[in-house]
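Residue-level listing of the chains:
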Amino acid sequence: MAVFAQPGSGARFDWGLSGAAELGRVCAALVVVDVLSFTTAVEVAVSRGMRVHPFPWGEQAADYARRVGAVAAVGRRRTTPEHPWSLSPAALRAAPVVADLVLPSPNGSAISAAASATGVPVVAACLRNAAAVGRWLRAQGYGSTDAPVGVVAAGERWPDGSLRPGVEDQLGAASVLDALSGVPGGLSVEAAMALAALASTPDVAAAVRGCVSGRELAEGGFAEDVAVAVELGVSDVVPVLRQGYFAAA
C-alpha cells in the first residue's frame, strides 16, 4: 500500500531491510544508520581515504573482494596482525589504509547493498557525522515532497532472524532527522516520533553505552568500538554509495 511509504512528507523514517525497500521505492535519497557498527566503520574508513563496498554477511564476501580487487573485512574475533580489517571501527582506525575494503555485516551492510539497487544515493550516517549528513542532504535539495529523504535505522536481529529495534540506531536516525528539521516537506509522523526520542535523551552517549547493543559489545571486549561510535558530531565526512562503494561526497 502506498501509505506505508509515508507520502506527503520530505523526511521519512523506517526500520530494517523491509523499511528500506519500502522507502527506496519513492524517496530521492536514502540514509542508512547502523551505529554499532557498520555505518560508524564506514565513516572511519572513508575518512581515511578508503572506498567501502557493502556486502551481506557471509563467506562469499571474500570471493567478491577478490573479484573487485579489494580487501575483505572479517569478524572482530578473526583478525590477525596480517589481516587487521574488520567491522570494528577501532580496528579500522589503526589498520593500514587500503584502496578498497569489502565490509560485510548482517544489518547495515546488507541494507546498503540492497538499497543500492534502487539507483538513488545511499548515505551512511552515524552519531559521528549525523549533522554533516543532514547539511549535505539539504544542500543537495533533498527534503521536499518531490525529493524526499528516507532515513532507515538498521536495527539488530533476534536469533529467529526477526528485527530487533536498537536504541543506538533510533538515536542515530533521530540525529539525522534533527539536522533535517525544517526541510520544505516537513517530517512524517514516523520521523517526528523518532526525533522525539532524541529530545527525551539528555545524554546520548550514555544511552548508547548503556543500551543492550552497547553493553553486548563492551562485555564482549569491544568497548573501544562503542567509544568511537559515541564521539558525537566529530566528522564532516559524508559517505555516499554510488557504483557499488561508499566514498566521500
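Residues numbered from 1 in each chain as written. Predicted model: local features only at pLDDT ≥ 70, side-chain atom pairs only at ≥ 80, totals over all residues. Heavy atoms only, no water.

With an unreviewed UniProt entry as reference, the protein chain is termed Probable 2-phosphosulfolactate phosphatase, source organism Micromonospora terminaliae.

## A few points about the pattern of salt bridges
Convention followed: The rule for a salt bridge is simple: a side-chain nitrogen of Lys or Arg has to be within 4 Å of a carboxyl oxygen of Asp or Glu. Numbering of helices and strands runs from the N terminus; a helix is a DSSP stretch of H or I covering at least four residues, while a strand is a stretch of E covering at least two. Type-normalised accessible area, obtained with a 1.4 Å probe on protein chains alone, sets the label of each residue: buried when under 20%, exposed when over 50%, and partly exposed for intermediate values.
All told, the structure shown has 9 salt bridges when counted by the stated rule. Between Arg128 and Glu43 there is a salt bridge, and its shortest N-O distance comes to 2.5 Å. Highlighted residues: Arg128 in the loop between strand 6 (122–125) and helix 6 (130–139) and Glu43 in helix 2 (residues 38–47), separated in sequence by 85 residues. An identical accessibility class is assigned to Arg128 and Glu43; each is buried. Taking the shortest distance from any N to any O, the salt bridge between Glu219 and Arg215 comes out at 4.0 Å. Linking Glu219 with Arg215, this pair stays in helix 10 (residues 212–219), spanning 4 residues, or about one helical turn.

## Remarks on the packing of aromatic side chains
In this description, an aromatic ring pair is defined by two values, namely the gap between the centres and the angle between the planes. As a reminder, the rule being used: Stacked, tilted and edge-to-face pairs are distinguished by plane angle, under 30 degrees for stacked and over 60 for edge-to-face with tilted covering the rest, among Phe, Tyr and Trp rings (Trp via its six-membered ring) whose centres lie within 6.5 Å. Put simply, a charge is over a ring when the Lys NZ or the Arg CZ is close to the ring centre, within 6 Å, and near the line of the ring normal, within 35 degrees.
In total, this model carries 4 aromatic pairs according to the counting rule given. Pairing Phe13 with Trp15 gives two aromatic rings, centres 5.7 Å apart and planes at 75°, and the pair type is edge-to-face. For Trp15, a relative accessible area of 18% translates into the label buried. The ring centre of Tyr245 lies 5.6 Å from the NZ or CZ of Arg51, which sits over that ring.

## Concerning unusual backbone geometry
Residues Leu36 and Ser37 are joined by a peptide bond in cis, for which omega reads 20°. If you trace the backbone, Ser37 turns up in the loop between strand 2 (29–33) and helix 2. At Gln6, a position not held by glycine, the phi torsion is positive, near 55°. Following the sequence through the fold, Gln6 ends up in the segment before strand 1 (11–15). Of note, the phi angle at Gln243 is positive, near 55°, even though the residue is not glycine. On the secondary structure map, Gln243 appears in the loop between strand 10 (239–242) and strand 11 (245–248). Assessed through its relative accessible area of 74%, Gln243 is described here as exposed.

## Considering the pairing of strand 7 (residues 149–153)
Using the following cut-off: A pair of strands is treated as paired once DSSP finds two or more bridges between them.
Of all the 5 residues making up strand 7, 5 are buried; the element is thus mostly covered by neighbouring parts of the structure. Taking every second residue as pointing to the same face, both faces of strand 7 are buried, with Val149, Val151 and Ala153 on one and Gly150 and Val152 on the other. Summarising the sheet, strand 1 and strand 7 pair through 5 bridges and their orientation is parallel. Looking across to strand 7, one finds that Asp14 is bridged to Val152. For strand 2 and strand 7, the ladder comprises 5 bridges, and the chain directions are parallel. Looking at strand 7, one finds that Val32 is bridged to Val152.

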